[in-house]
Amino acid sequence: MSDRTPFLRFALYAAVPVIASGGASWTMALAIGIFFGLAGLGLETRLRSSFDGQIAFFATFALLASVSVTGGPGAPSSTSLLLFGASGLVFFWFGADPAPGAAKLGLTAALAIGPAVYEFGRASGRSFGPDNLLIALFGSHGLLYGAPLLWAGFFGLIALPRHKPGLARLALAAIAPGTLALLLAADRIEPSTRVATWLPFLLPGVAHCFQIMRTFTARRPERALAFAGALLVLWNVLFMEQYRRRLLPSDDTVSFAQVTSNSASLLSRFAGTPFAWPANWIFARRFNAPADRWDAIAGRRLFADAKATTTTIELGDDASVFAPDAPLLLEGFGERRTCERGWCRDLEGAGRLLLPLRDFGAGDLVVRLRSRGRGALKMSLNGGATAVAEMSESLSDLVLRVPASLVDPGIGVLSLSVVGGGKATIDRLTLGRDPATGSAR
């Protein structure tokens, strides 16, 4: 990449953040664009000391174009921007040292995990576990789910120590603790804040991965073409499957967006969304559920926030493809149908619901199920706390109180069964927290 094009590179680095900041004022968007343009030039300059200009440019542009550290929709997160800027400066300064010492590596690690540990310590609700890591990386709002190109940042570090040992140690000093910090989850940590302090340290891995790919393609162009051909074959197989299932009209035109959407849906149903591998495979094996269900479950909160005490799931009320109850239902439930003045779903003998309880707070969990039918209905959470009650011909409530000590943050399974077999009609599910029992946790 020629040094005569700094303004063009600056504009490219600034363009994506400006577009992502559409909810902000023009002044704020312009300031963010300038910030990222200068940050991109600085990060690229540091990479050029270890990689050639083309690799340095494309690695930097891949990082800045893949991940938004401005936060969610609306006003940009100034905290995330400042943390990303501080991280970029540390990478720029420490990356110039061919053999960074223990002090620099320690400061880098502290920067990577500092914000997450600080917010975790002062949060009112928090949890620790591998589920948090999988959701932070592969959930619907996860880092690698939304920016799969950043896999190169991890893969590239495998071989980097043999070529650039000092740069590899510096990158690992940030990436390893930063990734492990994703095991922590708290109600006050923004997703962009948790990764902003170690994102620039993915650049050496991305650059090295790009360099390996370029070298491989130059030496073995036939293998690169074979890989591209395999992708085209897969695309054509998915296209033909759409015709077999009559997802496309046989005598009319169809948009490319519809074809792509159908192909993505078919692939997701068969093997799960590729961007969520391997988290969706782990989820499917753990809960004996379809792998594509992970996309809707991971990161979802049934309670609005840590202070919310109740939440209601209406079964069958929403007929759209975005029905909030549909992702929660596993086997045993029928299609939506009318019941009394609303909509319900039938339970055929036994069934299960997924309850993403990544909700923070204390107290017993009170599960209230509104149903009707003949015989007794049994309800249990995670095979532990159980309640059984006789159903009536009209809708009535079955209540299950789960002690706080048995309620773990994560994905719970609510099992329902009609004792002796039969059918029940389920109207709604209401979950509540009892703050008065918070000391029981």
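The rules behind each value
- Residues numbered from 1 in each chain as written.
- Predicted model: local features only at pLDDT ≥ 70, side-chain atom pairs only at ≥ 80, totals over all residues.
- Heavy atoms only, no water.
- Salt bridge = Lys/Arg side-chain N within 4 Å of Asp/Glu carboxyl O.
- Helix = DSSP H or I, 4+ residues; strand = E, 2+ residues; numbered from the N terminus.
- Buried < 20%, exposed > 50% of the residue type's maximum accessible area, 1.4 Å probe, protein only.
- Patch = residues over 30% accessible without salt bridge, like charges linked within 9 Å, V, L, I, M, F, W, Y side chains within 5 Å.
- Areas by Shrake-Rupley, 256 points an atom, 1.4 Å probe, with all protein chains shown as cover.
- Phe/Tyr/Trp six-rings, centres within 6.5 Å; stacked < 30°, edge-to-face > 60°.
- Lys NZ or Arg CZ within 6 Å of the ring centre and 35° of its normal.
- Axes fitted to C-alpha atoms, helices over the stretch in contact; angles between N-to-C directions.
- Parallel < 35°, antiparallel > 145°, perpendicular 65-115°, else oblique.
- Contact = heavy atoms within 4.5 Å.
- Nonpolar A, V, L, I, M, F, W, Y, C, P; charged D, E, K, R; others polar.
- Disulfide = S-S within 2.5 Å.
- Pairing = 2+ DSSP bridges.
- Core = buried A, V, L, I, M, F, W, Y, C linked by side-chain atoms within 4.5 Å.
- Left-handed = near helix turned anticlockwise from the far one by under 90°.

### Examining the pattern of salt bridges
In the structure shown here, the tally under the stated rule is 18 salt bridges. As a salt-bridge pair, R370 and D427 come within 3.8 Å of each other at their nearest N and O atoms. In this pair, R370 sits in strand β7 (residues 364-373) while D427 sits in strand β12 (residues 423-434), placing the two residues 57 residues apart along the sequence. D427 gets classed as buried once you look at its relative accessible area, which sits at 7%. One continuous salt-bridge network, built from bridges that share partners, spans E314, R370, D397, D427 and R428.

### Side note on a nonpolar patch on the surface
A cluster of nonpolar side chains, L30, I34 and L38, forms an exposed patch at the surface whose accessible area comes to about 300 Å². Tracing the sequence through the fold places L38 in helix α2 (residues 26-48). The exposure class assigned to L38 is exposed, which follows from its relative accessible area of 53%.

### Considerations on the packing of aromatic side chains
Centre distance and the angle of the planes are the two values used to describe a pair of aromatic rings. One pass over the full model with this rule turns up 15 aromatic pairs. Measuring from ring centre to ring centre gives 5.4 Å for F35 and F36, while their planes differ by 80 degrees; the resulting arrangement is edge-to-face. What makes F36 buried here is its relative accessible area of 3%. Within the aromatic cluster, the residues linked to one another by ring pairs are Y13, F57, F58 and F61. We note R46 situated over the ring of F92; from NZ or CZ to the ring centre the distance is 4.4 Å. Of note, R336 hangs over the ring of W343, and the distance from its end group to the ring centre comes to 3.7 Å.

### Regarding the environment of G363
Turning to its location among the elements, G363 is positioned in the loop between β6 (350-356) and β7. On the accessibility criterion, G363 (0% relative accessible area) is buried. As for G363 and D434, which are separated by 71 residues in sequence, their C-alpha atoms are 4.9 Å apart.

### Focus: unusual backbone geometry
The omega torsion of the bond from W277 to P278 falls at 0 degrees, within 30 degrees of zero and hence cis. For P278, the position within the fold is in the loop between α13 (256-271) and α14 (279-287). For N382, which is not a glycine, the phi torsion comes out positive at approximately 55 degrees. In this structure, N382 sits in the loop between β8 (376-381) and β9 (386-390). For N382, a relative accessible area of 48% translates into the label partly exposed.

### Describing the packing of helix α8 (residues 151-163) against helix α11 (residues 203-219)
Remark: α8 packs on α11, axes separated minimally by 7 Å, with the N-to-C direction vectors making an angle of 80 degrees. One way to sum up the angle between α8 and α11 is to call them roughly perpendicular. From α8, A152, G153, G156, L157, A159, L160 and H163 reach across to α11, where they touch P204, G205, V206, H208, C209, F210 and I212. Grouping the constituent residues of the contact of α8 with α11 by class yields nine nonpolar, five polar and no charged.

### Quick notes on the state of the cysteines
By definition, a disulfide links the sulfur atoms of two cysteine residues through a covalent bond. Enumeration over the complete set of coordinates arrives at one disulfide. Sulfur-sulfur distance for the disulfide between C339 and C344 comes to 1.7 Å. The same class applies to C339 as to C344, namely buried.

### Structural notes on the sheet that holds β8
Across a sheet, strands are paired by hydrogen bonds formed along the backbone, either parallel or antiparallel in direction. The strand order across the open sheet formed by four strands is β6-β11-β8-β9, and the pairing between neighbours is antiparallel. Strands at the two margins of the open sheet, each flanked by one partner only, are β6 and β9. Within this sheet the neighbouring strands show an average axis-to-axis angle of 15 degrees, counted without direction. In this sheet, strand β11 (residues 411-418) lies alongside β8 in antiparallel orientation, the contact comprising five bridges. Within the sheet, the bridge partner assigned to M379 lies in β11 and is L416.

### Section: the nonpolar core
In a soluble, globular protein the nonpolar side chains are often hidden away together inside. With 100 residues, the main nonpolar core has L199 and L414 as its most contacted residues. Once residues within four sequence positions are removed from consideration, L414 is found in contact with G351, R352, L353, L355, V367, M379, S380, L381, L400 and L429.

### Re the environment of T260
Looking at the secondary structure, you find T260 in helix α13. Judged by relative accessible area, which is 29%, T260 ranks as partly exposed. Sequence separation between T260 and W235 is 25 residues, and the spatial gap between their C-alpha atoms is 9.1 Å.

### Notes on the environment of L266
Mapped onto the elements, L266 comes out in helix α13. Spatially, the C-alpha atom of L266 lies 24 Å from that of L143, the residues being 123 residues apart in sequence. Discounting chain neighbours no more than four positions away, the residues touching L266 are L238, E241, Q242, R245 and L247.

### Considering the packing of α2 against helix α4 (residues 78-94)
At a minimum axis distance of 9 Å, the contact between α2 and α4 shows a crossing angle of 20 degrees. Taken as axis vectors, α2 and α4 run roughly parallel relative to one another. α2 and α4 meet at a crossing whose hand is left-handed. For the pair formed by α2 and α4, the contact residues are I32, F35, F36, A39, G42, L43, T45, R46 and L47 on the first element and L81, F84, G85, G88, F91 and F92 on the second. A per-class count over the contact of α2 with α4 returns 10 nonpolar, four polar and one charged.

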